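# Tertiary structure, described
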Amino acid sequence: MALPPWPTRRTSLAPVPLLGLLSGAGFLLSGCEGAQSALDPAGFNAREILFTSWILFIGGAVIFLFVMALAVWAVLAKGDRFPGARAWVIGGGILFPVVTLTALLLHEFALARRLVTVAETPALTIEVTGYMWWWDVRYRRPGAGPEEPALRSANELVIPTGRPVELLVGAADVIHSFWVPSLAGKMDMIPGHVNRLALLAEKPGLYRGQCAEYCGAQHALMAFHVRVLEPEEFDAWLAARNRPVTRPEDPVLARGYDAFFTQGCQSCHAVRGTPAVSTLGPDLSDMGARAGLAAGSFENNVGTLAGWIASAQHLKPGNRMPSFNVMDGETLRALAAWLESLK
Amino acid sequence: MTLQHEGGPGSGHGGPAHRTLPSPLPRPEEELRTLQRVWRMPRGLGLLSEVNNNVIGVMYIGAALLFFVLAGLLALAMRAQLAFPESALLDHDTYNQFFTVHGTGMMFLFAVPVVEAIGVYLIPAMLGARDLPFPRLSAFAFWAYFFGGLSFFASLLFDAAPDGGWFMYPPLTSYEHSPGIRADFWLLGIGFIEISAIAGAIEIIVGILRTRPPGMTLDKLPIYCWAMLIMAGMIIFAFPAVILATALLEVERVFHWPFFIAERGGDPLLWQHLFWFFGHPEVYIIFLPGAGLVSMMVPTLARYPLIGHNLVVLALVGTGVFSFGLWVHHMFTTGIPPLSLSFFSAASMAVAVPSGIQVFAWIATLGKGRVQWTVATWFLMGFLFIFVLGGLTGVMVAVVPFDWQAHDSYFIVAHLHYVLIGGMVFPMFAALYHWWPTLNGTLLSERLGRWAFWLMFGGFNVTFFPMHITGLLGMPRRVYTYPGDLGWNLLNMVSTVGAFVLALGVLIVLADMARNAFGRGQPASDNPWNGGTLEWIPNGNYAVRSIPYVTGLYPLWENPNLSREVQAGAHFLPGAPTDRRETIVTSPIESKPQYLMPMPGPHWGHFLAGLFTALHFLCLTVGWYLISILPALIAIASVIWWLWDLDTGEDHPPQEVGGGWRIPVYVQGPSNHSWWAMVVLLLVDGTAFACLIFSYIFLWTVSPDVWPSDPAALPGIGWLGGGLLLLALAALSLWWASRSLGADRQAGVRLGLLLCFLFLLAAAVGEGYAQIQTGLKGAESAYGAVTYMLVAWQGFHMAVLLLMIGYTLARSFRGLIHARRRVTFDNTMLMAGYTVGQGAFALLLAHLFPRLFG
């Protein structure tokens, strides 16, 4: 199945000249793009917010420059040549802000309304639960009852373009915050609460998100990806999820499969269709298809995965996964290879 | 009111305005010598026992600057770590401790203390008062803060520093996810600033309302004092929320009472509401004093009275009021319903109006005047640039959808540093250069000052401006590392370079201060910038030679001879008539002399109390609960020692203070300054209790299911009736004690106080037992936790009353209380009366609420 390529594009901020940084908001025009940027929207929410942001940046820059020019004039001009006194205070301090802020408020209310109503009848509901420091993901079929088991994954969401998606976000331990700047604003994940984030993706691609609420030791290494597919690709992807995983024929992969169980991986992880059903740790049923490893912390391939299994505590100290450094190299590679074969 | 006023018609209201000066010249020679003798500063180690605001204020500012430097060094370490992606300079654990201590230190151990410290130093001088009304309280607050702050920073050395971020959101910071003592160190650091902030607020409010010079009616109050008055009022209503929040968190950590644990009916959002109900006003608690300093310096430097003075006062009041309606804008992403968000969004924008009024008032004043270019002027221009930019990004983040992107990203890091460094640090450095001559009669170097300004201004913008973009490019705050392929590398490197430039600027200021302290400062004239307010009158440790009669907002501009008259002793209280430290207490609105307050002098009690209070809390923090009793006892004994000789009664006849005013040396009842302080303290206390009631109701709305639905699970209604009866008896006993004191029947006073305490105690213990016998457990559910918290809150007040009533009884037995010397008794009565009311309210809530809504 054709998946969008692993993003190799590098953001192009380097040419932004230092002087530009200091000269007001104009520098923002220099086009920053990135897989995790509010300035490079790929969804309805982020695009709408960016439009309003530009109103704020330009309006703010104009007001700022005016006030600064006035201040410079005030200190340079002779007192009798500076017109008005209290008039400035009343006009600039009261009338102007009241008028502009009222207009801004009306604009804001309309925007907020558009954003929260974007998925009134969602085509897809995804429950995302934050753990220290990874993301549990469950897809619910539209109209499915609570008894129907959800399709489980971790650290990566796959969503279609053009269809409203409803995310129900919660947390299992401490407060986290779900943020994919390219698609939408953030929503906190709070123990005891289920918050709703409605979004509509517009451009296919791979986007990066990150936990935005400080959540302890490895907050910095709690990222994830959102893979946005064309609707028909998405449907195909979803349909393929029902194939259970079986013990592979290939001897190397089979060795990896066996190692998974002899090492006790199933006590935390689940792989669809196998005896591994634990929900303590991330579901690994499509491990090989994911862009990132250890919650978006590293690139995902056989080498990095083997390294992660052997030294998880060294790479992301304090996370729940022990370092499995007692396996021989061959078994370790086989295990990693088998996991990478799960797509 | 026992004001005795002698003098013909016209000499009272008109006072000395008609060139008849309040005190006839020349003054007798021994008068100044007496003044100097009673106000003499102790030498050597004895300086630690001094209470004079000139000394305490300077030490206070010095300590705050020390913590500023320490917290700043942590920021440099963090910037060094973030200079490169995936850098290994600091590990995650160190980094997380650093940003927590940086934020906590800057907000709680630098910003709030330094604005209060500047107030301690400047307010009496601006009011022509000899000192603040409770000098030993300020000194105690300073020492507790100093030792507490040092131990807070020292936790870094033992790898025991808090690592939960400066707003310490549970559940991350509760016992399950933060075992060990790190989070407790945060609570320790906060504990001290709670003590010193409230002590400072009491000083400032009573000082500004009751120790103004004659003639300085409220409309002639210098604008800085307005700012400080409002700031102190905000402390009174904001700090209780964080006091309660920290108490709840500590109780949850120690006893596992689930206030913030969702599985047992608690809610992490309760912490956020309480914390930000404090935390947002906190920002203005820091900014208003800065704005007040600016509003003083701008007219002086522009040589023109502040334009729109009354509007600026209104703007300060408006900021104070609005700031309590903004706290939810820190919670726009917590899933609160959009309708509520709209309200808080509108309120957050509205607060831009008072800031706008001030900015345009300053600009218009600069425009009308002829500006003198001093270092302070440069810092003020830098302040305008930074603050206006920070204010504009503030409007941006008030727009809810924009905040959904900006929140908790580097955009917010940029915004908050723009408003805090712009709104407070730049004005503070301007003030440092501006008012330095009042400290030792010399100037800081104008040349070094300009270097410092340009390095700080440039460094600041290079550091923080790029962070707006870093945040929009998706970088969250509080990350110890970041991947190299997201476009953040250059921006972070630029920020790091800027931070070191900024630090270099601060270093130059410190070097300049050190150079000056070693006698290299250029001597200044008495009033080098030609300021118009009273702090520019030359003074000694006794403050001004005589307390001036004030006729306008800029007394020194309106009467160019005023400074000479004051120095010659021609105004009020030119000496020390009762041969001790004293100042004039005036009426709150019209500022008419009411009585001559004796002021406590140097003492070791407050110093020891501060030291041992810090030790007590330190012992609690590291879990030495039993040992902690010892320093607590020493601290209490020290407080009693410092108090014992105060409340002297009318030990001198009424004294002549000039202008025909003969005023008593003691008043009691509602015009006594100590009564005022007690009322302010009870406002704090009552607000904390109101926050507890809010918590009770909030937890019920979140988890009504953990509230008992069956009245049989509650204590019988008889417990409520019995409790209320005991409280009524306590009130009756208190009333009887008060009446007995009026008739000088000491036996009645003693028995009444004792009974009052016993009835209150019986009510508190009875309520505790009533809840325990139902089998309710605090750790079981949020209902149990908050119900026992009501009991514990009343229990804490019983401990306070044990001390206060015990102290009052002791004074009664020593014959130090009688019908005309009852200030101590009155204070105890206020606290006991409040405790009765609070107890009744708690009982009604605990027993009726579950029955009505369970």
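Residues numbered from 1 in each chain as written. Chains lettered and ligands numbered in written order. Predicted model: local features only at pLDDT ≥ 70, side-chain atom pairs only at ≥ 80, totals over all residues.

Attention now moves to the overall build of chain B. Check the secondary structure of chain B and you find 24 helices and seven strands. Taking 29 Å as the expected radius of gyration for a compact globule of 854 residues, we find that chain B reaches 28 Å, a close match to that expectation. Taken along its principal axes, the extent of the C-alpha atoms in chain B is 80 × 75 × 50 Å. Put simply, chain B has 854 residues, and 62% of those count as buried. Long-range pairs, those at least 24 residues apart, make up 81% of the contacts in chain B with a sequence separation of at least 6. (Helix = DSSP H or I, 4+ residues; strand = E, 2+ residues; numbered from the N terminus. Rg over C-alpha atoms; globule rule 2.2 N^0.38 Å. Buried ≥ 20, exposed ≤ 12 C-beta atoms within 10 Å, placed from the backbone. Contact = placed C-beta atoms within 7 Å.)

When helices and strands are counted, chain A shows seven helices and 12 strands. When the backbone C-alpha atoms are referred to their principal axes, chain A occupies close to 90 × 45 × 35 Å. Sequence separation of 24 or more characterises 64% of the internal contacts of chain A that already satisfy a separation of 6 or more.

The strands making up a sheet are joined through hydrogen bonds of the backbone, oriented either antiparallel or parallel. Residue and element names in this part refer to chain A. Spatial ordering of the open sheet is given by β3-β2-β1-β5-β8, a layout of five strands whose pairing is mixed. For this open sheet the edge positions go to β3 (151–154) and β8 (195–199), each flanked by a neighbour on one side alone. Across the sheet, the mean angle from the axis of one strand to that of its neighbour is 25°, orientation sign disregarded. The pairing of strand β2 (residues 134–140) with β3 spans four bridges and is antiparallel. (Pairing = 2+ DSSP bridges. Axes fitted to C-alpha atoms, helices over the stretch in contact; angles between N-to-C directions.)

The next point concerns the interface of chain A and chain B. Frequently, the measure chosen for interface size is the accessible area removed from exposure when the parts meet. In this assembly, 73 residues from chain A lie in contact with 73 residues from chain B. With 17 residues, helix α3 (residues 86–116) of chain A is the largest single contributor of residues to the side of chain A that touches chain B. Residues of the side of chain A that touches chain B, tallied by class, amount to 47 nonpolar, 19 polar and seven charged. (Nonpolar A, V, L, I, M, F, W, Y, C, P; charged D, E, K, R; others polar.)

Quick look at the nonpolar core now. Nonpolar side chains tend toward joint burial in soluble globular proteins. Residues and elements named next belong to chain B. One finds I235, L274 and F379 to be the most contacted residues of the largest nonpolar core, which totals 384 residues. Ignoring sequence-local partners within four residues, the contact set of L274 consists of A241, V242, L244, A245 and C691. Residues C756, L760, L801 and V836 belong to the second largest nonpolar core, which totals 24 residues. (Core = buried A, V, L, I, M, F, W, Y, C linked by C-beta atoms within 7 Å.)

This brings us to the confidence of the model for chain B. Residues and elements named next belong to chain B. For chain B, per-residue confidence averages 94 on the pLDDT scale, and residues scoring 70 or more make up 98% of the total. A low-confidence stretch, residues 1–18 (pLDDT under 50), is modelled with 26 contacts involving residues beyond four sequence positions or located in other chains. Confidence estimates for the predicted assembly give a pTM of 0.93 and an ipTM of 0.92. (pLDDT = per-residue confidence, 0-100.)

To continue, consider unusual backbone geometry. Residue P26 of chain B is bonded to the preceding L25 of chain B through a cis peptide linkage, with omega at -10°. Tracing the backbone shows P26 of chain B in the loop between β1 (4–5) and α1 (29–38). A positive phi is found at A294 of chain A, a non-glycine position, where the angle reads about 55°. As for its placement among the helices and strands, A294 of chain A is situated in the loop between β11 (292–293) and β12 (298–299). Exposure remark for A294 of chain A: the 23 C-beta atoms within 10 Å place this residue in the buried category. Of note in the backbone geometry, D744 of chain B takes a positive phi value of approximately 60° without being a glycine.

Attention now goes to the pairing of strand β6 (residues 655–658) of chain B. All names here are of chain B. Where β6 and strand β7 (residues 661–663) come together, three bridges link them in antiparallel fashion. Each residue of the ladder has a partner; that of G658, found in β7, is W661. Linking β6 to β7, which pair antiparallel, is a turn of two residues; within it G659 sits at a positive phi near 65°.

A few words now on the domain arrangement of chain B. All names here are of chain B. Assigned domains of chain B: these are domain 1 (51–523) and domain 2 (675–853). Computed from C-alpha coordinates alone, the two centres of domain 1 and domain 2 are separated by 36 Å. Opposite the 27 residues of domain 1 that make contact, domain 2 presents 26 residues. Secondary structure elements with two or more residues in the side of domain 1 that touches domain 2: α5 (182–210), α6 (223–255) and α7 (268–302). Looking at the side of domain 1 that touches domain 2, the element that brings in the most residues is α6, giving 10 residues. For the side of domain 1 that touches domain 2, a count of residues per class yields 20 nonpolar, four polar and three charged. (Domains from an automatic or database assignment.)

Residue and element names in this part refer to chain B. With respect to the helices and strands, L188 occurs in helix α5. In this structure, the C-alpha to C-alpha distance between L188 and F167, residues 21 residues apart in sequence, is 14 Å. Contact partners of L188, with chain neighbours within four places excluded, come to G148, F152, F617, L618 and T621.

Here the focus is the environment of S355 of chain B. If you trace the backbone, S355 of chain B turns up in helix α10 (residues 352–368). Residues S355 of chain B and F259 of chain B, spaced 96 residues apart in sequence, show a C-alpha to C-alpha distance of 37 Å.

What follows deals with the domain arrangement of chain A. Residue and element names in this part refer to chain A. Along its sequence, chain A is carved into domain 1 (35–83 + 118–242) and domain 2 (251–341). Distance from the C-alpha centre of domain 1 to the C-alpha centre of domain 2: 29 Å. If you look at the interface, domain 1 gives 18 residues, while domain 2 gives 16 residues. Taken together, the elements giving at least two residues each to the side of domain 1 that touches domain 2 come down to β2, β3, β9 (205–210) and β10 (223–229). Of the residues in the side of domain 1 that touches domain 2, the class split is 10 nonpolar, four polar and four charged.

Right, let's get into the packing of α3 of chain A against helix α9 (residues 338–350) of chain B. Their axes nearest at 11 Å, the elements α3 of chain A and α9 of chain B cross at an angle of 155°. Taken together, the axes of α3 of chain A and α9 of chain B are roughly antiparallel relative to one another. Crossing hand, α3 of chain A versus α9 of chain B: right-handed. Contacts between α3 of chain A and α9 of chain B involve L101, L104, L105, E108, F109, A112 and V116 of chain A on the former and, on the latter, P338, S342, S345, A346 and M349 of chain B. (Parallel < 35°, antiparallel > 145°, perpendicular 65-115°, else oblique. Left-handed = near helix turned anticlockwise from the far one by under 90°.)

For the rest of this paragraph, the subject is helix α4 (residues 135–154) of chain B. The end-to-end C-alpha distance of α4 of chain B, which contains 20 residues, comes to 29 Å, matching closely the 28 Å that a straight helix rising 1.5 Å per residue would cover. Counted residue by residue, α4 of chain B has 17 buried out of 20 residues, so it is predominantly covered. (Expected span 1.5 Å × (residues − 1).)

Residues and elements named next belong to chain A. On the basis of which strands lie adjacent, the open sheet formed by three strands has the order β4-β10-β9 and mixed pairing. Only two strands of the sheet have a single partner each, and these edge strands are β4 (156–160) and β9. The mean angle between the axes of side-by-side strands here comes to 25°, regardless of whether they run parallel or antiparallel. In this structure, β4 lies alongside β10, joined through five bridges in parallel fashion. Of the residues in β10, the one forming a bridge with V158 is R227.

Now for the packing of helix α13 (residues 410–440) of chain B against helix α14 (residues 446–472) of chain B. Residues and elements named next belong to chain B. The interhelical angle for the contact between α13 and α14, taken along N-to-C directions, is 165°, at an axis separation of 8 Å. With respect to their mutual orientation, α13 and α14 come out roughly antiparallel. Considering only the axes of α13 and α14, their crossing is left-handed. On α14, the residues that touch Y410, F411, I412, V413, A414, H417, Y418, I421 and Y433 of α13 are G449, F460, F464, F465, M467, H468, T470, G471 and L472. Of the residues contributing to the contact of α13 with α14, the split by class is 13 nonpolar, five polar and no charged.

The subject of this paragraph is the confidence of the model for chain A. Per-residue confidence for chain A gives a mean pLDDT of 88, with 90% of residues at or over 70. The element-level mean pLDDT for chain A is lowest in helix α1 (residues 18–22) of chain A, coming to 38, with strand β6 (residues 176–178) of chain A highest at 98.

This next bit is on the environment of P231 of chain A. All names here are of chain A. Within the secondary structure, P231 is located in helix α4 (residues 231–240). Taking the C-alpha atoms as reference points, P231 and T161, 70 residues apart in sequence, are found 5.9 Å from one another. The residues contacting P231, other than those within four sequence positions of it, are P160, T161, G162 and R163.

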